[in-house]
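# Architecture at a glance
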Amino acid sequence: MGRKRAQSPPRQAAPTEDEGAGSSSQQPVEPPKEPTPPVRVIYCDVCSFPLEYCEFGSSFTRCKESLKESNEELYNKYYSDEALQSKIGTLSLEAQKKLEKDAAKKEAKAEAKADAALKKKLASQVTIKRIERTKRKHVTAIHGLEAFSIDLKKAAKQLAGRFATGASVTKNAQGLDEIVVQGDVSDEILEILEKGEGVLKGVPIDNVQVVEDKKKKTEG
């Protein structure tokens, strides 16, 4: 009777380099980083720039006055003696005076331009013309609205919807834009301008005149 051979125990695989390193020491896990909070931007009530950029606008003096009245803490943050000194401390006295002079000159120029634009607007005239095409057919032309920053296309759309008729922007005989509305609606348009309805607002009623353009009769 033959002898049974003793079975040797199964050989275990040697640990790899990564497994050996993992068992001996583990890398520390970094804690998750806190999210960065959003930057809060505060805008100027006068020029609508961020407060840090008011000095580059054309209304710097009014910007400072407005901020001082509305939020003294922010005013001191940007315009206190300490804040200004830290900001322009590296500039010479001559350079500081030049900056102030240039800013004052820019503001004066911008104010003069705004005043001129306002005077021009107040002197502008809006004409509502009732034009006779035939004895039974009329159109109404409105000229001069663009001087009061009114979008003519939007105004024509508003009038077309209001009167359920055609209205479009065309060139008149002088090559200037005007709105032509089908039908005799001159009095109604005058009332709309007076009330400032929709986009047709901001026109002083004293600057509006209604005229009539009758068709010339042909001699027989």
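Only a predicted model underlies this, so the values are computations on that prediction, with no experimental measurement involved.

Glancing now at the overall build of the protein. What the protein contains, in helices and strands, is seven helices and five strands. The linear arrangement of helices and strands in the protein, starting from the amino end, is α-α-α-α-α-β-β-α-β-β-α-β. Here the protein holds 220 residues, and the buried ones make up 25% of them. The contacts in the protein between residues at least 6 apart in sequence include a share of 53% that link residues at least 24 apart. When the accessible surface of the protein is summed, it comes to about 17700 Å², and 51% of that surface belongs to carbon and sulfur atoms.

On to the environment of Leu176, then. Within the secondary structure, Leu176 sits in the loop between β3 (167-171) and β4 (177-182). Linking Leu176 and His143, residues 33 residues apart in sequence, is a C-alpha distance of 8.1 Å. For Leu176, the contacting residues outside a window of four places in its chain are His143, Thr170 and Lys171.

Bringing the layout of surface pockets into the picture now. Taken as a whole, the second largest pocket spans an internal volume of roughly 190 Å³. Taken together, Thr127, Lys129, Ile131, Ala141, His143, Asn172, Ala173, Gln174 and Glu178 make up the full set of residues lining the second largest pocket. Counting only elements with at least two residues in the lining of the second largest pocket, the list comes to β1 (126-132) and β2 (138-143). Examining the composition of the lining of the second largest pocket, we find that three residues originate from one element, β1, more than from any other. Among the residues forming the lining of the second largest pocket, the class breakdown is three nonpolar, four polar and two charged.

Definitions and cut-offs
- Residues numbered from 1 in each chain as written.
- Predicted model: local features only at pLDDT ≥ 70, side-chain atom pairs only at ≥ 80, totals over all residues.
- Heavy atoms only, no water.
- Helix = DSSP H or I, 4+ residues; strand = E, 2+ residues; numbered from the N terminus.
- Buried < 20%, exposed > 50% of the residue type's maximum accessible area, 1.4 Å probe, protein only.
- Contact = heavy atoms within 4.5 Å.
- Areas by Shrake-Rupley, 256 points an atom, 1.4 Å probe, with all protein chains shown as cover.
- 1 Å grid on protein atoms, 1.4 Å probe; cavity = no way out; pocket = protein on both sides within 12 Å on 5 of 7 lines; lining within 4 Å.
- Points joined across faces, edges and corners; volume = space filled by probe spheres on them.
- Nonpolar A, V, L, I, M, F, W, Y, C, P; charged D, E, K, R; others polar.

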